[in-house]
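Listed here are the chains, written in short residue letters.
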Amino acid sequence: MKGLIIKSPWIDYILNNEKTWEIRGSGTTTRGTIFLIKSGSDKIYGECDIVDCIELDYNGYKSNIDKHQITQITDILPYKRTFAWVLKNV
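Residues numbered from 1 in each chain as written. Predicted model: local features only at pLDDT ≥ 70, side-chain atom pairs only at ≥ 80, totals over all residues. Heavy atoms only, no water.

## Structural notes on the side chain of Thr28
Part 1: Tracing the backbone shows Thr28 in the loop between strand S2 (21-24) and strand S3 (32-38).
Part 2: Look at Thr28 and you get buried, because its relative accessible area is 14%.
Part 3: At a separation of 3.0 Å, a polar atom in the side chain of Thr28 contacts the main-chain amide nitrogen of Thr30.
Part 4: Those residues in contact with Thr28, other than ones at most four positions away along the chain, are Ile50, Cys53 and Trp85. (Helix = DSSP H or I, 4+ residues; strand = E, 2+ residues; numbered from the N terminus. Buried < 20%, exposed > 50% of the residue type's maximum accessible area, 1.4 Å probe, protein only. Polar contact = N/O pair within 3.5 Å; in protein donor to acceptor, adjacent residues only side chain to side chain. Contact = heavy atoms within 4.5 Å.)

Structure (C-alpha cells):
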C-alpha cells in the first residue's frame, strides 16, 4: 500500500477529521486507501482514502479554508500549480 508523509500539525488535523484536503504542488491519480505517515517518524499513524484530486485557483483555495485548515492565506497560491488531494474514511 502507498503512504503519504505529512508534517505536524497537518497529520493531526487529518487524523481528527478536521482536515479533508491535503494541499500539494502536484496532482495525483492515486485513488483508494493509503497510509498516513508522520514526517520524521517513519511510523504509520493511520490510513485514509484518496477519493479525488482538484486543481485549485486562488479563489478555490481561499474559500475552502475549512477543508485544508491553512489559515495564513497570502495573496498568492502556495505552489505554482496547487492541488487538493481529497481525503475520506480516515
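## Some thoughts on the packing of aromatic side chains
Part 1: Scanning all chains against the criterion turns up one aromatic pair.
Part 2: Between Trp10 and Tyr13 the ring centres are 5.6 Å apart and the planes differ by 65°, which places this aromatic pair in the edge-to-face class. Of this pair, Trp10 and Tyr13 both sit in helix H1 (residues 10-15), three residues apart, which is roughly one turn of the helix.
Part 3: A residue is classified by how much of its surface remains accessible, and Trp10, at 28% relative accessible area, is partly exposed.
Part 4: What makes Tyr13 partly exposed here is its relative accessible area of 26%.
Part 5: The ring centre of Trp85 lies 5.6 Å from the NZ or CZ of Arg24, which sits over that ring. (Phe/Tyr/Trp six-rings, centres within 6.5 Å; stacked < 30°, edge-to-face > 60°. Lys NZ or Arg CZ within 6 Å of the ring centre and 35° of its normal.)

## Quick notes on the sheet that holds S2
Part 1: Read across the open sheet, the five strands follow the order S1-S3-S4-S5-S2; overall the sheet is mixed. Both edges of this open sheet fall to strand S1 (3-6) and S2, since each of them pairs with a single strand only. Neighbour-to-neighbour, the strand axes of this sheet turn through a mean angle of 45°, independent of strand direction.
Part 2: Where strand S4 (residues 43-56) and strand S5 (residues 82-88) come together, seven bridges link them in antiparallel fashion. Residue Asp49 lies in a different strand from S5, and its bridge partner there is Lys88. (Pairing = 2+ DSSP bridges. Axes fitted to C-alpha atoms, helices over the stretch in contact; angles between N-to-C directions.)

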